[in-house]
Amino acid sequence: MSEMPVRIEPISPKDVEDFCAALDSVARERLYLAAFEAPPIEQVRAFVETNLREGNPHVVARGGDRLLGWCDITRHRSPLRAHCGVLGMGVVAGHRGAGIGRALLGAALSAARVAGMLRVELEVRGSNTPAIALYERMGFRHEGRKLAACRFDGTTDDMLIMGLVWPEPGPARVAG
Ligand SMILES: CC(C)(COP(=O)(O)OP(=O)(O)OC[C@H]1O[C@@H](n2cnc3c(N)ncnc32)[C@H](O)[C@@H]1OP(=O)(O)O)[C@@H](O)C(=O)NCCC(=O)NCCS
């Protein structure tokens, strides 16, 4: 449980190393993310720089001088799917269950709406009960299940597909 005050902030270039370390620590738990370690630091730096340049929501949680979690929403590149973003997030072990994930996700979703996205989608392992509960609570719907799509350490798990769709903004009403 995290006792220190936590700030939710847009990521900045100075956060790259801390973000990479947080990503690596969660990936190495092997239970939650698609990768079992962070990509090389230059790849992580390029990911952050692309998000900043293209206005993709990417927020981090900071407590004291530690980066405790992140949430990013990457816009699809194809014109057909450019209204959609793909979500990734994590909170480092020892700081979960204290509201950081909900705050990160809320901030990233607000930024996605401001950026004009109409849909946010994600994949989550079937055994990841806390993440599924968080996504459901924030309005994501279950859209599908890929059977036995994950295999690690001799265990097989399903991959769930979840999505959040916002209504398209209507035309402005003219008074009178
Ligand atoms: C999923 C994760 C981001 C949630 O962050 P968190 O800071 O622990 O979550 P919060 O404390 O903000 O809780 C928000 C909601 O999540 C759900 N939740 C959190 N922990 C839970 C748990 N252990 N069991 C069930 N639901 C849980 C609840 O709905 C909770 O809302 P509530 O407290 O009003 O009931 C965090 O557990 C995590 O980083 N897990 C490992 C990485 C991961 O799974 N990333 C997502 C991959 S798809």
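Residues numbered from 1 in each chain as written. Predicted model: local features only at pLDDT ≥ 70, side-chain atom pairs only at ≥ 80, totals over all residues. Heavy atoms only, no water.

Per an unreviewed UniProt entry, the protein goes by Ribosomal protein S18 acetylase RimI-like enzyme and derives from Limimaricola variabilis.

Attention shifts here to the layout of surface pockets. Space inside the largest pocket adds up to approximately 1200 Å³. The wall of the largest pocket is formed by 42 residues, among which L33, G88, M89, G90 and Y135 lie closest to the centre. At the level of elements, α1 (16–28), α2 (41–54), β3 (66–75), β4 (84–91), α3 (100–114), β5 (119–125) and α4 (129–137) are the ones that each hand at least two residues to the lining of the largest pocket. Ranked by residue count, the leading element in the lining of the largest pocket is β4, at six residues. Tallied by class, the residues present in the lining of the largest pocket amount to 26 nonpolar, nine polar and seven charged. (1 Å grid on protein atoms, 1.4 Å probe; cavity = no way out; pocket = protein on both sides within 12 Å on 5 of 7 lines; lining within 4 Å. Points joined across faces, edges and corners; volume = space filled by probe spheres on them. Helix = DSSP H or I, 4+ residues; strand = E, 2+ residues; numbered from the N terminus. Nonpolar A, V, L, I, M, F, W, Y, C, P; charged D, E, K, R; others polar.)

A few words now on the packing of α3 against α4. The N-to-C vectors of α3 and α4 enclose an angle of 45°; their axes lie 11 Å apart at closest approach. Between α3 and α4, the interaxial angle falls into the category oblique. Taken as a pair, α3 and α4 cross one another with a handedness that is right-handed. Touching G101, R102 and L105 of α3 are L134, Y135 and R137, all from α4. (Axes fitted to C-alpha atoms, helices over the stretch in contact; angles between N-to-C directions. Parallel < 35°, antiparallel > 145°, perpendicular 65-115°, else oblique. Left-handed = near helix turned anticlockwise from the far one by under 90°. Contact = heavy atoms within 4.5 Å.)

Per the UniProt record, "domain: N-acetyltransferase" (unreviewed entry) is found at residues 6–167. The span residues 6–167 is 31% helix and 36% strand, and its two end C-alpha atoms sit 32 Å from each other. (UniProt positions renumbered as here; feature names shortened; annotations may be inferred.)

This part covers the site of the ligand. If you check the shell around the ligand, you find 22 residues, and the closest are V91, G99, G101, R102 and N128. Taking A98, its main chain carries an N or O atom lying 3.1 Å from an oxygen atom of the ligand. Backbone polar atom of G101 to an oxygen atom of the ligand: 2.7 Å apart, as the coordinates give it. Bound to the protein, the ligand loses 76% of the 920 Å² it would expose on its own. Its atoms largely coinciding with the cavity grid, the ligand occupies the largest pocket. Where the shell around the ligand is concerned, the elements lending two or more residues are β4, α3, β5 and α4. If one sorts the elements of the shell around the ligand by residue count, α4 sits on top with six residues. Along the lines of polarity and charge, the residues of the shell around the ligand split into 13 nonpolar, five polar and four charged. (Near = heavy atom within 4 Å. Polar contact = N/O pair within 3.5 Å; in protein donor to acceptor, adjacent residues only side chain to side chain. Areas by Shrake-Rupley, 256 points an atom, 1.4 Å probe, with all protein chains shown as cover. Sits in = over half its atoms within 2 Å of the grid points.)

Another aspect to go through is the packing of aromatic side chains. As enumerated under the stated definition, the model contains three aromatic pairs in all. With 5.7 Å between their ring centres and 70° between their planes, F19 and W70 make a pair best called edge-to-face. Remark: W70 occurs in strand β3 and F19 occurs in helix α1; sequence separation between them is 51 residues. By relative accessible area, which is 2% here, F19 ends up buried. For the ring pair Y135 and F140, a centre distance of 5.6 Å and an interplane angle of 55° mean the geometry is tilted. No difference in accessibility class separates Y135 from F140, as the two residues are buried. The ring centre of F36 lies 4.2 Å from the NZ or CZ of R30, which sits over that ring. In this structure, R125 is placed above the aromatic ring of F152, and the distance from its NZ or CZ to the ring centre is 4.6 Å. (Phe/Tyr/Trp six-rings, centres within 6.5 Å; stacked < 30°, edge-to-face > 60°. Buried < 20%, exposed > 50% of the residue type's maximum accessible area, 1.4 Å probe, protein only. Lys NZ or Arg CZ within 6 Å of the ring centre and 35° of its normal.)

Our next topic: the packing of α1 against α2. The geometry of α1 relative to α2 is characterised by a closest axis approach of 10 Å and an angle of 115° between their N-to-C directions. Relative to α2, α1 is oriented roughly perpendicular. Both α1 and α2 take part in a crossing whose hand is right-handed. The residues of α2 that touch α1, namely those facing V16, E17, F19, C20 and L23, are I41, V44, R45, F47 and V48. Considered class by class, the residues forming the contact of α1 with α2 number eight nonpolar, no polar and two charged.

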